[in-house]
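Examination of the molecular architecture
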Amino acid sequence: MDVNEWVDEYKDYYPKYEKLTNKNRRLIEELLEAEGIKAMVEARTKSIDSFATKIKKKSYNKLITDVTDLSGIRIIAYSLDDVERIASIVNREFVIDLEKSINKAKVLDVDRFGYLSQHFVVKVRTDRSKLLEWADLTDLCAEIQVRTVLQHAWAAISHFLDYKQEIDIPKEIRRKLFRLSALFELADEELTALISEVGIISDQYKQQIQKQITKIEINVDSLRAYLENSNTVKYWANVIKGFGVGISGPGLISRDVEMLRMVGITDLTKVEEMLLSSKSWGTDYLKEHYENTCGGTPEKWSTDINGIITLFLIGNYPEVFTDEILDKQLGWGKPERATVPAKKYNPKFNKR
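Described below are features of the structure shown in this document. (Residues numbered from 1 in each chain as written. Predicted model: local features only at pLDDT ≥ 70, side-chain atom pairs only at ≥ 80, totals over all residues. Heavy atoms only, no water.)

What about the overall build of the protein chain?
In plain terms, the rule: For helices the rule is a DSSP run of H or I covering at least 4 residues; for strands it is a run of E covering at least 2, with both sets numbered from the N terminus onward. Here the globule rule is a power law, 2.2 Å times the number of residues to the power 0.38, and the radius of gyration is based on C-alpha atoms. Positive charges come from Lys and Arg alone, negative charges from Asp and Glu alone, with His and the N- and C-terminal ends not counted. Charged side chains are reduced to one point each, which is NZ for Lys, CZ for Arg, CG for Asp and CD for Glu.
Helix and strand content of the protein chain: 17 helices and 8 strands. Over its C-alpha trace the protein chain gives a radius of gyration of 27 Å, far above what one expects of a compact globule, namely 20 Å for 352 residues. Seen through its principal axes, the protein chain has C-alpha atoms that stretch 90 × 50 × 40 Å. Where the 52 positive side-chain charges of the protein chain centre and where its 55 negative ones centre are 2 Å apart.

Written as structure tokens, this is what we have:
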């Protein structure tokens, strides 16, 4: 076929490839969420113009079997460990064309120019193809790339410099570029080790809090572990749910860490004491706050669980967290919704 015939054929197939791209993206995002893996997912279907350019440079026998990158997903993970976990998911959830898939970690020699990543050519899994919404996509190939953020950065640099292989590089800068590539690879390994260490420390915080040990310094990871494992936090979460307000996972924890430091609270014991000592007045305080916030429809409102810490800091320290500080420094919209009921219900301010 000539170029125009190839392009006309791709125009006919394009809606199916677009559907495949969108469905694969949603599937992968759901799988990553189910496995607790944080990663960025990019997706694209090759445009008609890009395909026309591609087909002029290389000949193929059959569109749907030979051109494998018409539908593409790129998964950008934060660690090498997560790359391996994601690769296992791809192997489990798709039919892999092993001959056309590439693991650059295995094909690149240690002294060769390039950067490690994994490229899979996949089709819809057999059992999934029996579902009506996937049935018309079973013959189409897609490409899934899995790489770390640093591998992605190196790929962007290579693309910017337009160096596809070692022979493309001027010999005057070849050694510097190889050294830079090695530094990126070493940084990837160090970042993976760091993320693993953060996970270990977070698990230690979790175990301590579950044992009601709270003499722990406050940082983002320790406060997250406290929010997710403290019975006192669960108590206040149930109070808020009783108003009809939804509770979601932790949000901007760093702001709460900053607020705790502003009032001199540096360990979780003091946070626990603050939440426990607020039980006599806290329910009324929270109720009025959410009535002011939700406008009478609490069932349409939700809050991050760390909002409990935020609100009780305001409720116990309104002289520190003035409307001006909350609004201009901490980005708290309409702070009076919390500061007014705080001064109304907290007994230590009523005595003044």
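Observations regarding the pairing of strand E5 (residues 118-124)
Rules: The buried label applies to any residue whose accessible area, calculated with a 1.4 Å probe on protein chains only, is under 20% of its type's maximum; exposed applies above 50%, and partly exposed to all values in between. Whether two strands pair comes down to DSSP finding at least two bridges between them.
Where burial is concerned, most of E5 is hidden: 6 out of the 7 residues are buried. Pairing geometry for strand E3 (residues 94-96) and E5, over 3 bridges, is antiparallel. Counted as the bridge partner of valine 95 is lysine 123 from E5. In the sheet, strand E4 (residues 102-103) pairs with E5 via 2 bridges, with the strands oriented antiparallel. In the sheet register, isoleucine 102 faces E5, and the bridge partner there is histidine 119. Here E5 runs beside strand E6 (residues 142-148); their pairing, made up of 5 bridges, is antiparallel. Considered in E6, the bridge of valine 121 is made with glutamate 143.

Examining a negative patch on the surface
Formally: Patches in this entry comprise residues that are over 30% relatively accessible and not in a salt bridge; like charges within 9 Å are linked, as are nonpolar side chains (Val, Leu, Ile, Met, Phe, Trp, Tyr) within 5 Å. In this description, accessible areas are obtained by the Shrake-Rupley approach with a 1.4 Å probe, and a residue is regarded as covered only by the protein chains that are shown. Salt bridges are counted wherever a side-chain nitrogen of Lys or Arg sits within 4 Å of a carboxyl oxygen of Asp or Glu.
Together, Asp2, Glu5, Asp8 and Asp12 give the surface a local cluster of negative charge. Considering the arrangement of structural elements, one finds aspartate 12 in helix H1 (residues 3-35). Judged by its relative accessible area of 64%, aspartate 12 falls in the exposed class.

Quick word on the environment of aspartate 188
Within the secondary structure, aspartate 188 is located in helix H8 (residues 171-210). By relative accessible area, aspartate 188 is classed as buried at 1%. Considered as a pair, aspartate 188 and leucine 80 are 108 residues apart in the sequence and their alpha carbons are 7.1 Å apart.

Quick look at the packing of aromatic side chains
This is how it is decided: What counts as a ring pair is set by centres within 6.5 Å for rings of Phe, Tyr and Trp (its six-membered ring), and what kind of pair is set by the plane angle: stacked under 30 degrees, edge-to-face over 60, tilted for all other angles. Charge-over-ring placement is defined geometrically: NZ (Lys) or CZ (Arg) within 6 Å of the ring centre, and within 35 degrees of the ring normal.
One pass over the structure, following the stated rule, counts 11 aromatic pairs. Seen in terms of ring centroids, tryptophan 281 and phenylalanine 312 are 6.0 Å apart; in terms of plane orientation they differ by 75 degrees. Their pairing is edge-to-face. You can see tryptophan 281 sitting in the loop between helix H12 (268-277) and helix H13 (282-294) and its partner phenylalanine 312 sitting in helix H14 (residues 307-316), a full 31 residues away along the chain. Pairwise contacts between aromatic rings join Tyr10, Tyr13, Tyr14, Tyr17 and Phe51 into one cluster. Across from the ring centre of tryptophan 134, 4.8 Å away, lies the NZ or CZ of lysine 23, which sits over that ring. The ring of tryptophan 134 has arginine 128 lying over it, and the distance from NZ or CZ to the ring centre is 5.9 Å.

Description of the layout of surface pockets
Here is the rule: Here a cavity is any set of points on a 1 Å grid over the protein atoms alone where a 1.4 Å probe fits but cannot get out, and a pocket is any open set with protein on both sides within 12 Å along at least 5 of 7 lines; a residue lines the site when it has an atom within 4 Å of a point. Grid points are joined across faces, edges and corners, and a volume is the space filled by probe spheres set on the points. Classification used: nonpolar for Ala, Val, Leu, Ile, Met, Phe, Trp, Tyr, Cys and Pro, charged for Asp, Glu, Lys and Arg, polar for all others including Gly.
Quantified by volume, the second largest pocket comes out at close to 770 Å³. Every residue lining the second largest pocket is counted, 26 residues in all, and those nearest its centre are Gly36, Lys38, Ile195, Gly199 and Arg224. Split into classes, the residues belonging to the lining of the second largest pocket amount to 8 nonpolar, 8 polar and 10 charged.

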